[in-house]
Amino acid sequence: MHIPKKYGHGKVDKCPFCQKHATAMNEQKVPVCQSHKDEVLDNLKCICGSPLETLHGKFGTFFSCVKCGNINMRKALEFNEIKPRMHNEIFSQNKHERACQNKPQPKEMTVRSDDPRYFD
Ligand SMILES: [Zn+2]
Ligand SMILES: [Zn+2]
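Worth saying up front: this structure is predicted, and the values here are computed from it rather than measured.

Attention shifts here to the overall build of the chain. The helix and strand inventory of the chain stands at 2 helices and 5 strands. Along its sequence from the N terminus, the chain presents helices and strands in the succession β-β-β-β-β-α-α. Counting over 120 residues, the chain shows a buried share of 16%. Looking at the chain alone, contacts between residues at least 24 apart form 23% of all its contacts between residues at least 6 apart.

This is how it looks when you write it as structure tokens:
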């Protein structure tokens with residue numbers, strides 16, 4: 001039986017966070033770029049809505065859904081929007097700041113340890 005060579009063998013993996021060439025691996029053994037090697041893929045959801053479990057096999061990282069079974073990483077990344085956590089935090093922070101801009105800023109209260117009232 002002739003087994004055709006797997007197409008795409010030797011391809012360069014892309015970082016799931018920024019689509020750049022993956023030259024490093026994160027702690028999940030997912031190929032990532034240097035700047036995202038501290039990021040992890042988490043809270044991924046299956047297309048059915050169930051949370052995906054991250055698993056590691058002979059062929060790399062894959063995901064498992066309780067309903068749909070195993071899902072390869074490429075598939076999982078297709079229906080999950082992957083964003084580096086750092087960017088998410090900045091984004092929600094900006095959103096928060098924008099929401100606060102309409103409210104009057106509370107006056108900052110600083111209690112100094114050398115303030116005599118502090119010890120009352
Ligand atoms: Zn990246
Ligand atoms: Zn599923």
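Our focus in this paragraph is the pairing of strand E3 (residues 53-57). Inspection of the sheet shows E3 paired to strand E4 (residues 60-65) by 5 bridges, in the antiparallel sense. Pairing of Glu53 across the sheet is with Ser64, part of E4. Where E3 folds back onto E4 in an antiparallel hairpin, the turn is made up of 2 residues.

Conventions used here
Residues numbered from 1 in each chain as written. Chains lettered and ligands numbered in written order. Predicted model: local features only at pLDDT ≥ 70, side-chain atom pairs only at ≥ 80, totals over all residues. Helix = DSSP H or I, 4+ residues; strand = E, 2+ residues; numbered from the N terminus. Buried ≥ 20, exposed ≤ 12 C-beta atoms within 10 Å, placed from the backbone. Contact = placed C-beta atoms within 7 Å. Pairing = 2+ DSSP bridges.

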